[in-house]
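Summary of structural features
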Amino acid sequence: MAFEWVTNRLCRRHRISTEHINQGHCYEWASLAAQRCPSAQIFYVRRLMPHAFIYFAGLWFDADTPKGVRDWRALPLFKGCQGLLREQGVICWVPGDRFWLN
């Protein structure tokens with residue numbers, strides 16, 4: 001799938017493992033994934049730990065979740081935080097959003 005290709009590309013480019021993408025390269029991953037799959041949308045959360053991820057075809061994806069999950073709070077990075085994350089806490093990124101600049 002396109003998202004696995006993006007993960008592999010970032011790992012090679014930065015010489016990091018998959019788990020390190022979500023430790024500072026998550027927006028870069030989400031941006032590249034959206035370029036590869038134009039119908040995907042970039043979302044992010046600011047609470048606890050800023051994290052960018054993708055919504056596509058009814059599922060949520062990040063570098064650690066190539067098969068997607070039905071609820072963004074189930075992404076591995078948020079494990080153990082579900083009680084602290086609220087549904088309205090997810091933000092759809094739009095061009096010009098200053099939280100992550102393109």
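These remarks concern the structure in this document.

Calculation notes
Residues numbered from 1 in each chain as written. Predicted model: local features only at pLDDT ≥ 70, side-chain atom pairs only at ≥ 80, totals over all residues. Heavy atoms only, no water. Phe/Tyr/Trp six-rings, centres within 6.5 Å; stacked < 30°, edge-to-face > 60°. Helix = DSSP H or I, 4+ residues; strand = E, 2+ residues; numbered from the N terminus. Buried < 20%, exposed > 50% of the residue type's maximum accessible area, 1.4 Å probe, protein only. Salt bridge = Lys/Arg side-chain N within 4 Å of Asp/Glu carboxyl O. Contact = heavy atoms within 4.5 Å.

What follows is about the packing of aromatic side chains. One pass over the full model with this rule turns up 9 aromatic pairs. Aromatic side chains F3 and F56 sit 5.9 Å apart centroid to centroid with 90° between the ring planes, which places their arrangement in the edge-to-face category. A residue pair is termed long-range when its members are at least 10 positions apart, and F3 in helix α1 (residues 2–14) and F56 in strand β2 (residues 51–56) qualify at 53 residues. An angle of 50° between the planes, with centres 5.8 Å apart, marks the rings of Y27 and W93 as tilted.

The residue R15 is not glycine, and still its phi comes out positive at about 55°. Structurally, the position occupied by R15 is in the loop between α1 and α2 (18–21). What makes R15 exposed here is its relative accessible area of 79%. Unusually for a residue other than glycine, A57 sits at a positive phi of about 50°.

Enumeration over the complete set of coordinates arrives at 2 salt bridges. Residue R73 is joined to D71 by a salt bridge in which the shortest nitrogen-to-oxygen separation is 3.0 Å. Among the residues examined, R73 registers a relative accessible area of 19% and is labelled buried.

Mapped onto the secondary structure, C92 falls in strand β4 (residues 91–92). By relative accessible area, which is 32% here, C92 ends up partly exposed. Separated by 48 residues in sequence, C92 and Y44 place their C-alpha atoms 6.6 Å apart. Apart from the residues within four sequence positions on either side, C92 is in contact with Q41, I42, F43 and D97.

Residues spaced three or four apart along an α-helix face the same direction, because each turn holds 3.6 residues. Of all 11 residues in helix α3 (residues 26–36), 8 are buried; the element is thus mostly enclosed. Within α3 the residues assigned to the buried category are C26, Y27, W29, A30, S31, L32, A33 and A34. Buried residues along α3 sit against α1, α2, β1 (41–45), β2 and β3 (59–61).

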